[in-house]
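Survey of secondary and tertiary structure
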Amino acid sequence: MSTTTLKKPKRNLAIDLVAGGIAGWSEALACHPLDTIKVRLQLRGERMANMKLNASVAGPVNQAAAQAVKPKSTNFISVGVQIVQKEGFLSLYKGLGAVITGIVPKMAIRFSSVELYKEWLTDKKTGKLSSGGIFIAGLGAGVTESVLVVTPMDVIKIRLQAQRHSMTDPLDIPKYRNAAHCAYVMVREEGIASLYKGVGLTALRQGEKHCLRVRFSWLILFLILSATNQAANFTVYLYLKKKLHELQPNIGDTLPAYQHLAMGFISGACGPLFNAPIDTIKTRIQKNPSTEKGWVRFVNVTRQIAVNEGYLAFYKGLTPRILRVAPGQAVTFMVYERVSKWLTSKTQTVSDSEMAKVGLSAKKPDGM
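Below is a short write-up of the structure.

Some thoughts on the packing of helix α5 (residues 131-161) against helix α6 (residues 179-190)
One can describe the packing of α5 onto α6 by two numbers: an axis separation of 10 Å at closest approach and a directional angle of 100°. Between α5 and α6, the angle falls in the class roughly perpendicular. Taken together, the residues of α6 that come into contact with α5 (itself represented by Val155, Ile156, Arg159 and Leu160) are Ala179, Cys182, Ala183, Met186 and Glu190. Its residues assigned to classes, the contact of α5 with α6 comprises seven nonpolar, no polar and two charged.

Written out as structure tokens, the structure reads:
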């Protein structure tokens, strides 16, 4: 009696690309207002510090004016209300064009690359992937999406979100009208390198001594931010997914949608808690053009935040960021899993029908 060993079917890269793209689109539409509020909170301290500095130079009259315009509240709900009252509801979606343009390839690259890295890191003999392998796969996915898509998308998004103009007044024309115009103006005024500022400074020297003297750039910060996000994200998500499958052995290949939502929410909250200071520094650096580069720019921005606003300022925007990222990842993972399952089933149905046709055509000559 012969026995056959059933191998786990190899994942289809196209399915990961399509499912990841649809998941990213859903997440962007649902959670972008919270991202705009987060950026405004992170930039608010810089704006107030500049106003105080200008007022101290100009005299007591301007100091009183600066105090008069000081925001009454800094919680994310109040900031959201202020944006809607002063600039219109659609202002909460500033920068969405840049996100929508990049979110589909971003998520497609994220999910397809993490699956590819997982396949590479899986033990060929046992077919198992360690927790360390999952972490490295997530880290690699974060770096890959940052280099290929996220960096220019995020620079353009923050430039648009930082503009304080009314979306309801057609005469209030901002410097950057939309994502495409923002990219055009930045390239024209600052050069194409402004979309990837600091790429030339990312070379790392070998050895411990040289690592301590590495020429730093904000792109490295962004890579660390995105990479640590995805490393924590996928590690926690896949760990929870494994445990839920073990607790529910009869549930099949795909968990219920509410469980994917819960796992995505928990895993999505881990990244912001870990790298909030990096995100705040990154936002400040990306907001304005500067002649400073690399490590000098990083140190000056970090010092300005610490001296002018205190160390807690590094965690500004943490609440809306968690509220944006956690449910965003919940939506992303849930949509990805459902779409991936649906596309896989459709692909399998087509393959089965093709195999049936081949079988029939093979038997036909025998019946003649």
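Considerations on the environment of Gln42
Looking at the element boundaries, Gln42 is found in helix α1 (residues 13-58). Gln42 sits 276 residues away from Leu318 along the chain, and the two C-alpha atoms are 8.9 Å apart. In contact with Gln42, other than residues within four places in its own chain, are Asp279, Thr280, Thr283, Arg284 and Lys316.

A word on helix α9 (residues 257-287)
A rise of 1.5 Å per residue sets the reference length of α9, with its 31 residues, at 45 Å; its end C-alpha atoms lie only 38 Å apart and thus fall more than 12% short of the reference. Along α9, the largest kink reaches about 75° and is centred on Asn275; proline Pro277 follows within four residues of it.

So, a nonpolar patch on the surface
Among the surface-exposed residues, Leu116, Trp120, Leu121, Phe135, Ile136 and Leu139 lie close enough to one another that they form a single nonpolar patch of about 560 Å² accessible area. What makes Leu121 partly exposed here is its relative accessible area of 39%.

Regarding the environment of Ile285
With respect to the helices, strands and loops of the structure, Ile285 is situated in helix α9. On a C-alpha basis, the gap between Ile285 and Asn300 in space is 9.9 Å, while along the polypeptide they are 15 residues apart.

Some thoughts on the pattern of salt bridges
What the rule picks out here adds up to twelve salt bridges. Taken together, the salt bridges that share partners define one network made up of Asp35, Lys38 and Lys157.

Quick word on the packing of aromatic side chains
For the coordinates displayed, the defined rule picks out eight aromatic pairs. Consider the rings of Phe111 and Phe234, whose centres lie 5.8 Å apart with planes at 85°: the pair is edge-to-face. Here the residue Phe111 occupies a position in helix α4 (residues 96-121), and Phe234 occupies one in helix α8 (residues 218-247), the gap between them amounting to 123 residues. Given the relative accessible area of 1%, Phe111 is considered buried. Classification of Phe234 as buried rests on a relative accessible area of 3%. Geometrically, the ring pair formed by Phe111 and Phe333 is edge-to-face, given 5.8 Å between the ring centres and 90° between the ring planes.

The rules behind these values
- Counting restarts for each chain, with residues numbered from 1 along the sequence as it is written.
- Under the rules for a predicted model, residues below a pLDDT of 70 receive no local features and side-chain atom pairs below 80 are neither given nor counted, while totals for whole chains, interfaces and linings still include all residues.
- Note that water and hydrogens are dropped before the side-chain values are worked out from all heavy atoms of the structure.
- Between the N-to-C directions of two axes lies an angle of 0 to 180 degrees, each axis being a line fitted to C-alpha atoms and, for a helix, fitted only over the stretch in contact.
- Here a strand is any run of E in DSSP of at least two residues, a helix any run of H or I of at least four, and the numbering for each starts at the N terminus.
- Here the angle decides the label: under 35 degrees means roughly parallel, over 145 means roughly antiparallel, 65 to 115 means roughly perpendicular, and every other value means oblique.
- Whether two residues are in contact is decided by their heavy atoms, any of which lying within 4.5 Å being enough.
- In the scheme used here, Gly and all other residues not listed as nonpolar or charged are polar, with Ala, Val, Leu, Ile, Met, Phe, Trp, Tyr, Cys and Pro taken as nonpolar and Asp, Glu, Lys and Arg as charged.
- To estimate how far a helix should extend, the number of its residues minus one is multiplied by 1.5 Å.
- Each residue is assigned a bend, namely the angle between axes fitted to the seven residues that terminate at it and the seven residues that start at it.
- Two joining distances apply to patches: 9 Å for like charges and 5 Å for nonpolar side chains (Val, Leu, Ile, Met, Phe, Trp, Tyr), and every residue must have over 30% relative accessible area and no salt bridge.
- All accessibility values rest on the Shrake-Rupley procedure with a 1.4 Å probe; residue burial counts only the protein chains present in the view.
- Salt-bridge detection follows one rule: a side-chain nitrogen of Lys or Arg within 4 Å of a carboxyl oxygen of Asp or Glu.
- We call a residue buried when its accessible area falls under 20% of the maximum for its residue type, exposed when it is over 50%, and partly exposed in between, using a 1.4 Å probe and counting protein chains only.
- Aromatic rings from Phe, Tyr and Trp, with only the six-membered ring used for Trp, were paired whenever their centres fell within 6.5 Å, and each pair was classed as stacked if the ring planes differed by under 30 degrees, edge-to-face if by over 60, and tilted otherwise.

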